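# A structural walkthrough
Okay, here's what each chain looks like letter by letter:
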Amino acid sequence: MRLLSAAVAAFTSLSLTGHAYGYLIDPDSCKGDDYTLVKSMVEQAFTMVNIAMVEVNAQPMNKDATWLMKQLFNTEGSAAQAMVNQVFQAKPPNNKGQRTGILVFEKETTTANLDTLDQNEVVIFCDTTRLERRVNDLVHYYDKKVKQAVGKSNGCSTGAFMYTQQFVNKWDIIQVCPWFLEYAHSKKYATKADLSSLRAKMAVHGLDKLITDKFYTPIDLMSLWDKCMLHEMMHTKPGGSKQDVGGVSGYGWKNCKGLGQSGTGVNNADSWALFGSALYQFSLGSPIDENGDFSKTAIQTRSNSKRRLGSGPGRARDIIKLDTVKNFV
């Protein structure tokens, strides 16, 4: 979800020499378990991006990446490779000092002074206590961290998971809504890297659908936390300022496939988030089909060999049992 600010910040001249761009998890609002959860979301989102870069730039391009690009963006071959690199790969600054490519802000940074951050960086907040109404402007919220009026409404009050705000010549904001953090904590799991049979069972019984008021395919459910973070990253300036094409009709596997066929998927944030999360599932040996369901054929093959999804080097934390996943399809 992207919110447009009501005003823009004045330009602050910064020396970029030796500046390491990154993301900052706000230390005042994201403490303890909240910090740990948000950091895991961000790290897993960047893991998905890096896997995508490897698979797309392989010679020849990875067959699963090729299939997903056709499904979600209706493109293939060198055009598909160029499209992914344009969105994910970090680019040099333009004549305004702006950089694009989501990997621009891959590294975490810490600072006590937000004024030292660059326009190519992102700050993540875990609550909205910095927002207040002021006597001289009762229409807009004033953001005490950004130091300007930012909008007429608080995006978290509309039921959003997260939302993103951009500011000219200033760092962008990703706001993780407090209710979403509480929901994540209550389930005792965070990202796909932490998936357990409990996570799968909750999704199978539709509890996530009740909370989110959306209809999800299995791949949407399996990607809830880290996919949401990658979705918001796509709304930032380094992420290419991707939109929610068609509003809520730009969310989810089925809608994103439709946008791909119409040629508008490249501008849709959730299409890129789904590309990253679906390719990650493929890399774990958990393929999906054209309906966003986990492949019955692939699951049967793995079931016969008594494997678990995600088994193998570096995948020990993905412990969804095959019998649980079968309930999806």
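Notes on the structure follow. Because the structure is a prediction, the values reported are computed rather than measured.

## Considerations on the overall build of the protein
Each helix and strand counted, the protein has 12 helices and nine strands in total. Counting across all 329 residues of the protein, residues that qualify as buried make up 54%. Sequence separation of 24 or more characterises 66% of the internal contacts of the protein that already satisfy a separation of 6 or more.

## With respect to the pairing of strand β9 (residues 170-176)
Where burial is concerned, most of β9 is hidden: seven out of the seven residues are buried. As paired elements, strand β4 (residues 122-125) and β9 share four bridges and run parallel to each other. Across the sheet, V123 pairs through a bridge with I173, a residue of β9.

## Observations regarding the environment of T47
Turning to its location among the elements, T47 is positioned in helix α1 (residues 33-56). Along the sequence, T47 and S277 sit 230 residues apart, while their C-alpha atoms lie 9.6 Å from each other.

## Let's talk about the pairing of strand β2 (residues 22-25)
Burial along β2 is two-sided: the face carrying G22 and L24 and the face carrying Y23 and I25 are both buried. Pairing between β2 and strand β3 (residues 107-108): two bridges, direction parallel. Residue pairing for β3: G22 is matched across the bridge by K107. Pairing of β2 with β4, which is carried by three bridges, proceeds in the parallel orientation.

## Observations regarding the environment of A112
Mapping A112 onto the fold places it in the loop between β3 and β4. For A112, a relative accessible area of 87% corresponds to the exposed category. Sequence spacing of A112 and P27 is 85 residues, and the spatial spacing of their C-alpha atoms is 8.4 Å.

## Describing the pattern of salt bridges
Throughout the structure, instances matching the rule amount to 12 salt bridges. Two residues, K70 and E76, come together in a salt bridge whose shortest N-O distance is 3.7 Å. Given the relative accessible area of 46%, E76 is considered partly exposed. Put simply, R134 and E132 hold a salt bridge, and the shortest N to O gap is 2.9 Å.

## Digging into helix α9 (residues 253-262)
When α9 is considered as a whole, its buried residues turn out to be W253, C256, L259 and G260. The buried side chains of α9 occupy one side of the element, clustering within an arc of 120° when seen end-on. Turned more than 90 degrees away from the buried face of α9, the exposed residues are K254, Q261 and S262.

## Observations regarding the sheet that holds strand β5 (residues 131-134)
An order of β5-β6-β7 is seen for the three strands of this open sheet, with the pairing classed as antiparallel. Strands with a single pairing partner mark the edges of an open sheet, and in this sheet they are β5 and β7 (148-151). With direction set aside, neighbouring strand axes in the sheet form an average angle of 55°. Pairing analysis gives four bridges linking β5 to strand β6 (residues 137-143), with the strands arranged antiparallel. Within the sheet, the bridge partner assigned to L131 lies in β6 and is D143.

## Here's the deal with the packing of α1 against helix α8 (residues 224-235)
Between α1 and α8, whose axes approach to 8 Å, the crossing angle comes to 75°. Between α1 and α8, the angle is such that the two are roughly perpendicular. Where α1 abuts α8, its residues V38, M41, V42, Q44, A45, F46, M48 and V49 lie against W225, D226, K227, M229, L230 and M233. By residue class, the composition of the contact of α1 with α8 is 11 nonpolar, one polar and two charged.

## Structural notes on the side chain of Q119
With respect to the secondary-structure elements, Q119 resides in the loop between β3 and β4. With relative accessibility at 7%, the residue Q119 sits in the buried group. At a separation of 3.1 Å, a polar atom in the side chain of Q119 contacts the main-chain carbonyl oxygen of K96. In this structure Q119 touches K96, G97, Q98, N169, K170, W171 and K237, once residues within four positions along its chain are discounted.

## Some remarks on the state of the cysteines
Overall, the coordinates contain two disulfides when judged by the stated rule. The disulfide bridge from C30 ends at C126, spanning 2.0 Å between sulfur atoms. A torsion of 105° about the S-S bond marks the disulfide between C30 and C126 as right-handed. Here C30 is found in the loop between β2 and α1, whereas its partner C126 is found in the loop between β4 and β5, with 96 residues between them in sequence. Like C30, the residue C126 is buried in the burial classification. Going through the protein in sequence order and numbering each bonded cysteine, the pairs you get are 1-2, 3-4.

Rules used in this analysis
- Residues numbered from 1 in each chain as written.
- Predicted model: local features only at pLDDT ≥ 70, side-chain atom pairs only at ≥ 80, totals over all residues.
- Heavy atoms only, no water.
- Helix = DSSP H or I, 4+ residues; strand = E, 2+ residues; numbered from the N terminus.
- Buried < 20%, exposed > 50% of the residue type's maximum accessible area, 1.4 Å probe, protein only.
- Contact = heavy atoms within 4.5 Å.
- Pairing = 2+ DSSP bridges.
- Salt bridge = Lys/Arg side-chain N within 4 Å of Asp/Glu carboxyl O.
- Arc of directions from axis to C-beta.
- Axes fitted to C-alpha atoms, helices over the stretch in contact; angles between N-to-C directions.
- Parallel < 35°, antiparallel > 145°, perpendicular 65-115°, else oblique.
- Nonpolar A, V, L, I, M, F, W, Y, C, P; charged D, E, K, R; others polar.
- Polar contact = N/O pair within 3.5 Å; in protein donor to acceptor, adjacent residues only side chain to side chain.
- Disulfide = S-S within 2.5 Å.

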